[in-house]
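# A look at the structure
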Amino acid sequence: MSQLQASLDRIAAEMAAAPRRGRVADYIPELACVDPGQFAIAVCLADGTECVAGDADTAFSIQSVSKVFTLAMALGRLGDQLWARVGREPSGLAFNSILQLEHERGIPRNPFINAGAIVVTDALLSGHAPREMLGDYLRFLRLAADDEAIHINEAVARSETETGHRNFALAHELAAHRNLDHPPEHALGAYFHQCAAEMTCRQLARAGRFLLNAPGLPRLLSPARVRRINALMMTCGHYDGSGDFAFRVGLPGKSGVGGGIIAIAPARAAIAVWSPGLNPQGNSQLGTLAIEKLARAMRWSAFG
Ligand code: GLN
């Protein structure tokens, strides 16, 4: 058995026995009933080798991990124009903070906090009906993961539409500052649906391969833009927990409140983990620990 597979098996066994698993997100009612006992990890190496452990073929709500894919689509489509509408600095605040957006006059700090991601989705809607934009998004995910089975969970999207008051507040604040081209309910309809995409860890690790910048892998974006997305994942991918993630793991990563995380060992491996319990910053508690252990075992770091 490879060292990688042995590490994954050991980590999955440790995580299965972990007593403190964090808290499942319950502000989206449909996510509140997910069993916190689940854990999965998957790695896709640059040469195409896949290794998995735990519930790696169980689909979960990718939530904010989706923001990596929509950012890649928006940069591919609009290029650097996007940066007139959204910044590139860590926020140091919760992913759904309203405070900062008002203070900074409707320009979100970065594309990974909710306000920034809503702007990115609004930009993708330009010239497209929401249904078309979501069709393009699903095509992107399926192409990246090389898997046609990826779909959006309508019940999760509906659940968030009914309860997403903070996101409505953010979208209206963006509109008040003329940083939204579409009505808030259209931009949010698309945003809630993108977050409600379901993927397994195996699919997510495969979909992350385009972020490796390694030869022979699907090229969905220029290498220069891939580097920049990785830089933003490192500095902003875990909200006000980004510094801690960079310190402990040393790899660019992006989390979602469904408990998923994607992390990139540049030129080497795309890693996906899932454990639904979250830490106070809204990032998967055991997912973070598992990637930390894997990066240490494999000596993977963005810092040499
Ligand atoms: N759909 C979620 C929200 O907007 C995504 C947040 C997250 O995953 N951090 O609140």
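About the cut-offs
Residues numbered from 1 in each chain as written. Predicted model: local features only at pLDDT ≥ 70, side-chain atom pairs only at ≥ 80, totals over all residues. Heavy atoms only, no water. Phe/Tyr/Trp six-rings, centres within 6.5 Å; stacked < 30°, edge-to-face > 60°. Helix = DSSP H or I, 4+ residues; strand = E, 2+ residues; numbered from the N terminus. Buried < 20%, exposed > 50% of the residue type's maximum accessible area, 1.4 Å probe, protein only. Pairing = 2+ DSSP bridges. 1 Å grid on protein atoms, 1.4 Å probe; cavity = no way out; pocket = protein on both sides within 12 Å on 5 of 7 lines; lining within 4 Å. Points joined across faces, edges and corners; volume = space filled by probe spheres on them. Nonpolar A, V, L, I, M, F, W, Y, C, P; charged D, E, K, R; others polar. Salt bridge = Lys/Arg side-chain N within 4 Å of Asp/Glu carboxyl O. Core = buried A, V, L, I, M, F, W, Y, C linked by side-chain atoms within 4.5 Å. Contact = heavy atoms within 4.5 Å. Expected span 1.5 Å × (residues − 1). Near = heavy atom within 4 Å. Polar contact = N/O pair within 3.5 Å; in protein donor to acceptor, adjacent residues only side chain to side chain. Areas by Shrake-Rupley, 256 points an atom, 1.4 Å probe, with all protein chains shown as cover. Sits in = over half its atoms within 2 Å of the grid points.

Another point: the packing of aromatic side chains. The full count for this structure, using the stated rule, is 8 aromatic pairs. Seen from their ring centres, Phe140 and Phe210 are 5.6 Å apart, and the 85 degrees between their planes marks the pair as edge-to-face. Taken together, the residues span a long stretch of sequence, with Phe140 in helix α6 (residues 130-145) and Phe210 in the loop between α10 (201-207) and α11 (223-236) at a distance of 70 residues. This pair shows no difference in class: Phe140 is buried, exactly as Phe210 is.

On a regular strand, each side chain points to the face opposite its neighbour's, so the side chains alternate between the two faces of the sheet. Pairing geometry for strand β2 (residues 40-45) and strand β3 (residues 50-54), over 5 bridges, is antiparallel. Residue pairing in the sheet places Ala42 in a bridge with Val52 of β3. Between β2 and β3, which pair antiparallel one after the other, the connecting turn spans 4 residues, and Gly48 there sits at a positive phi close to 95 degrees.

Moving on, we come to empty space enclosed by the protein. Over the atoms, a rolling probe the size of a water molecule traces out where space has been left empty. What the rule picks out here adds up to 2 cavities of 30 Å³ or more. A volume near 70 Å³ is recorded for the largest cavity. Taken together, 13 residues line the largest cavity, and the ones lying closest to its centre are Ser97, Gln100, Leu101, Ile113 and Ala115. Its residues assigned to classes, the lining of the largest cavity comprises 8 nonpolar, 3 polar and 2 charged. Looking at the second largest cavity, its volume works out to about 50 Å³. What lines the second largest cavity is simply Tyr27, Gln63, Ser64, Phe95, Asn114, Glu160, Asn167, Tyr191, Cys195 and Val257.

Moving on to the pattern of salt bridges. Oppositely charged side chains can form a pair if their charged atoms are brought close together. Enumeration over the complete set of coordinates arrives at 17 salt bridges. One salt bridge in this structure joins Glu292 and Arg296, with 3.3 Å as the shortest N-O distance. One end of the pair, Glu292, and the other, Arg296, are both in helix α13 (residues 285-298), 4 residues apart, so they sit about a helical turn from each other.

Formed by 65 residues in total, the largest nonpolar core has its most connected members in Phe69, Leu71, Tyr137, Leu204 and Ile229. Broken down by element, this core gets its largest block of residues, 8 residues, from α6. Those residues within four positions of Tyr137 in sequence are excluded, and the remaining contacts are Ile62, Ser66, Phe69, Thr70, Met73, Ile152, Gln194 and Ala197. Counting residues in each nonpolar core, the second largest holds 28 residues, with Ile41, Val43, Ile271 and Ala295 among its members.

Our focus in this paragraph is helix α5 (residues 114-125). Each full turn of the α-helix corresponds to 3.6 residues, which orients residues three or four apart in the same direction. Over its 12 residues, α5 extends 16 Å from the first C-alpha to the last, a length consistent with the 16 Å expected when each residue adds 1.5 Å. The element α5 is largely enclosed, with a buried count of 12 among its 12 residues. Those residues of α5 lying buried are Asn114, Ala115, Gly116, Ala117, Ile118, Val119, Val120, Thr121, Asp122, Ala123, Leu124 and Leu125. Within two residues after α5, Gly127 carries a phi angle of roughly 80 degrees, on the positive side.

The environment of the ligand is formed by Tyr27, Gln63, Ser64, Phe95, Asn114, Glu160, Asn167, Tyr191, Cys195, Tyr239, Gly256 and Val257. In the model, an oxygen atom of the ligand is placed 2.8 Å from a nitrogen or oxygen of the Tyr191 side chain. In isolation the ligand exposes 300 Å². Once the protein is present, 100% of that is buried. Comparing atom positions with the cavity grids shows the ligand to sit within the second largest cavity. For the shell around the ligand, a count of residues per class yields 6 nonpolar, 5 polar and 1 charged.

Pairing is antiparallel in the open sheet, where 3 strands are placed in the order β4-β6-β5. Two strands bound the open sheet, and with one partner strand each, they are β4 (60-61) and β5 (151-152). As paired strands, β4 and strand β6 (residues 197-199) are joined by 2 bridges and run antiparallel to one another. Bridge pairing in β6 links Phe60 to Met199.

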